[in-house]
Structure formats: structure tokens, C-alpha cells
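Letter by letter, the chains look like this.
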Amino acid sequence: MTINKQADLSDHQLELGQTIGDISRAWRYQMNQRLKPFGLNLSTRQVLIQLQRHPEGLMQRELARTLGIESPTLVRLLDILEEKEWIQRTTSASDKRRKYAVLTPKANEQLQIIEKLSKELRAEMMQGLSIAEIASSTLVMRKMKNNLLAD
């Protein structure tokens, strides 16, 4: 590869990296603005969605790892959600040190709101993109994610 091609590749990598960051920040900002009137935010959204994906519940340690946050941060989020009666914390019958978080039926309304707002924001974000463009972009993003997660 010539020096010019390497410089071009580096420029494109830099621009793509910056664009991914910009999209992430814009998504978080827009989602937080839309969730705020419902007493939700992006952090509580993430917890509720993960628990919805695991109806049997998740250990707090596993939930923190999945969300990429520290345990004390998760505990504060769980305290808020438990106070609103959207989650319940239980201990394992076999090991009292293991705490699980599970959704309560009261969380269903919030999850419906979250799903509706998320769907609307995704549609706005991807307005004008073809199925082929979305599929191609998804493939690229998966490859980048796999590169980051490869050990």
C-alpha cells in the first residue's frame, strides 16, 4: 500500500470513528429528551430492556457487565427502579449472596413507551436509507464490534 493510500485509509477511519461517536451522542441526547416526560432516561431504559430480554432475571453482577457499568452505578439505578416498583430484587435460594433483578408487571407500561419511542427515533435516524444500505451498514458495524470484542 502506498503512503497516499495509507493516509486516505487513515483519514476515512478517523472520519468513520468520529461519525460513530457523533451518532452515539446524538442518539443518547434525543432518547433522553423523549424519555424524560415519562420519568425515564437512557440508563433506566437500558436496564429495563436487558431485564426484558432475560425474563428469568439477571444477577446484578451480570447485568452490570452486560451494560458496561460499575456495580455501584447499577445499584443506584436498581434502587430507583425498585422504588418505582418496576423491578424486584430477589436472592438466590442456593446462595444468599447472589442477588437477581427481575421485572415486575408494573414495568410493562414503561417498556411499551420505550419500545414506541425507540422505534420512532430509529425511523427518524434511518430516514432515506434503503434496506440494502441498512443491511450493509449493519454488517460493517458487526465486524467492527467483533474486532473490538476479539480477545
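Student: Can you walk me through the layout of surface pockets in this structure?
Tutor: The probe, sized like a water molecule, is rolled over the atoms to show the empty space still left. Of the volumes computed, that of the largest pocket is approximately 1,500 Å³. Within the residue set of the lining of the largest pocket, elements represented by two or more residues are helix H1 (3-35), helix H2 (42-53), helix H3 (60-67), helix H5 (108-125) and helix H6 (131-149). Counting residues per element, the lining of the largest pocket draws most heavily on H6, at 11 residues. In terms of residue class, the lining of the largest pocket is made up of 14 nonpolar, 7 polar and 7 charged.

Student: Which parts of the structure should I look at to understand unusual backbone geometry?
Tutor: Peptide bonds are trans in most cases, and residues, glycine excluded, mostly fall at negative phi. Of note, the phi angle at Glu 85 is positive, near 65°, even though the residue is not glycine. Its place among the elements puts Glu 85 in the loop between helix H4 (71-83) and strand E2 (87-91). Note on Glu 85: relative accessible area 47%, which makes it partly exposed.

Student: Would you take a moment to explain the nonpolar core for this structure?
Tutor: If you look at soluble globular proteins, the nonpolar side chains tend to sit buried side by side. Core analysis: the biggest nonpolar cluster contains 25 residues, and Met 31, Val 47, Leu 48, Leu 51, Leu 63, Leu 78 and Ile 87 have the highest contact counts within it. When contributions to this core are tallied by element, the ones reaching two or more residues are H1, H2, H3, H4 and H5. When sequence neighbours within four positions are dropped, the list of residues in contact with Leu 63 reads Val 47, Gln 50, Leu 51, Leu 58, Leu 74 and Leu 78.

Student: What exactly am I supposed to notice about the packing of H2 against H4 here?
Tutor: Relative orientation and spacing of two packed helices are given, respectively, by the angle between their axes and the distance between those axes. One can describe the packing of H2 onto H4 by two numbers: an axis separation of 10 Å at closest approach and a directional angle of 85°. Accordingly, the angle class assigned to the pair H2 and H4 is roughly perpendicular. Mapping the contact onto sequence places Ser 43, Thr 44, Val 47 and Leu 48 in H2 and Leu 74, Leu 77, Leu 78 and Leu 81 in H4. Its residues placed into classes, the contact of H2 with H4 shows 6 nonpolar, 2 polar and no charged.

Student: Quick question: what am I supposed to make of the side chain of Arg 34 here?
Tutor: Relative to the elements of secondary structure, Arg 34 occurs in helix H1. A distance of 2.8 Å separates polar atoms of two side chains, one belonging to Arg 34 and the other to Glu 124. When near neighbours in sequence (up to four residues on either side) are disregarded, Arg 34 contacts Leu 117, Leu 121 and Glu 124.

Student: Sorry, what's going on with the pairing of strand E3 (residues 99-103) here?
Tutor: Note that strand E1 (residues 58-59) and E3 share 2 bridges and pair antiparallel. Within E3, the residue paired with Leu 58 across the bridge is Ala 101. As defined by bridge partners, E2 adjoins E3 across 5 bridges and the pair is classed as antiparallel. Residue pairing across strands places Arg 89 opposite Ala 101, the latter belonging to E3.

Student: Would you mind showing me how to read H3 here?
Tutor: Taken together, the buried positions of H3 are Gln 60, Leu 63 and Ala 64. The buried residues of H3 all sit within an arc of 100° when viewed along its axis, so they share a single face. Away from its buried face, by an angle of more than 90 degrees, H3 presents the exposed residues Arg 61 and Arg 65. Close packing links the buried residues of H3 with H2, E1, H4, E2 and E3. Gly 68, located one to two residues past H3, shows a positive phi value of around 70°.

Student: Quick question: what am I supposed to make of the sheet that holds E3 here?
Tutor: Strand pairing within a sheet occurs via backbone hydrogen bonds; the two strands may be parallel or antiparallel. Strands sit in the order E1-E3-E2 across an open sheet of 3 strands; the sheet is antiparallel. The open sheet is flanked by E1 and E2, the only strands paired with a single partner. On top of the sheet, H2 reaches E1, E2 and E3; it is set at about 90° to E3, its chief contact. Strand contacts of H4: E2 and E3, with the helix running at about 115° to E2, the strand carrying the most contacts.

Rules behind the numbers
- Residues numbered from 1 in each chain as written.
- Predicted model: local features only at pLDDT ≥ 70, side-chain atom pairs only at ≥ 80, totals over all residues.
- Heavy atoms only, no water.
- 1 Å grid on protein atoms, 1.4 Å probe; cavity = no way out; pocket = protein on both sides within 12 Å on 5 of 7 lines; lining within 4 Å.
- Points joined across faces, edges and corners; volume = space filled by probe spheres on them.
- Helix = DSSP H or I, 4+ residues; strand = E, 2+ residues; numbered from the N terminus.
- Nonpolar A, V, L, I, M, F, W, Y, C, P; charged D, E, K, R; others polar.
- Buried < 20%, exposed > 50% of the residue type's maximum accessible area, 1.4 Å probe, protein only.
- Core = buried A, V, L, I, M, F, W, Y, C linked by side-chain atoms within 4.5 Å.
- Contact = heavy atoms within 4.5 Å.
- Axes fitted to C-alpha atoms, helices over the stretch in contact; angles between N-to-C directions.
- Parallel < 35°, antiparallel > 145°, perpendicular 65-115°, else oblique.
- Polar contact = N/O pair within 3.5 Å; in protein donor to acceptor, adjacent residues only side chain to side chain.
- Pairing = 2+ DSSP bridges.
- Arc of directions from axis to C-beta.

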